[in-house]
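# Chains, contacts and geometry: an overview
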Amino acid sequence: MFAHKIAAQMSIGKSVQVWMSEFITSPVTVGYLKPMILLPVAAINHLSPQQIEAILLHELSHIKRFDYLR
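For the structure given in this document, a descriptive report is provided here. (Residues numbered from 1 in each chain as written. Predicted model: local features only at pLDDT ≥ 70, side-chain atom pairs only at ≥ 80, totals over all residues. Heavy atoms only, no water.)

## Things to note about the sheet that holds strand β1 (residues 17-21)
Taken together, the 3 strands give an open sheet; going across it, the order is β1-β3-β2, and neighbouring strands pair in mixed fashion. Both outer strands of the open sheet, β1 and β2 (28-30), are each paired with one neighbouring strand and no more. Each strand of the sheet is rotated relative to its neighbour by a mean of 30°, with strand direction disregarded. Bridge count between β2 and strand β3 (residues 36-40): 3 bridges; the pairing is antiparallel. Paired with V28 across the strands is L38, a residue of β3. With respect to the sheet, helix α3 (residues 49-64) is in contact with β1, β2 and β3, its orientation differing from that of β3 by roughly 145°. (Pairing = 2+ DSSP bridges. Helix = DSSP H or I, 4+ residues; strand = E, 2+ residues; numbered from the N terminus. Axes fitted to C-alpha atoms, helices over the stretch in contact; angles between N-to-C directions. Contact = heavy atoms within 4.5 Å.)

Here it is in structure tokens:
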């Protein structure tokens, strides 16, 4: 919910999905047509809601700047 709200405020036109994965060790943004933010399950269990929001904001900024195209 937070990611969708902030993505709209940042004028990100694409729908951004947020998923958790046990196979990664750090947050990552993937996908061109359908951007997706992957968060490690282990990290989620040890972070506060404010820290998770900061991570999502950071990853959304990568999507906004089209960093995944470089």
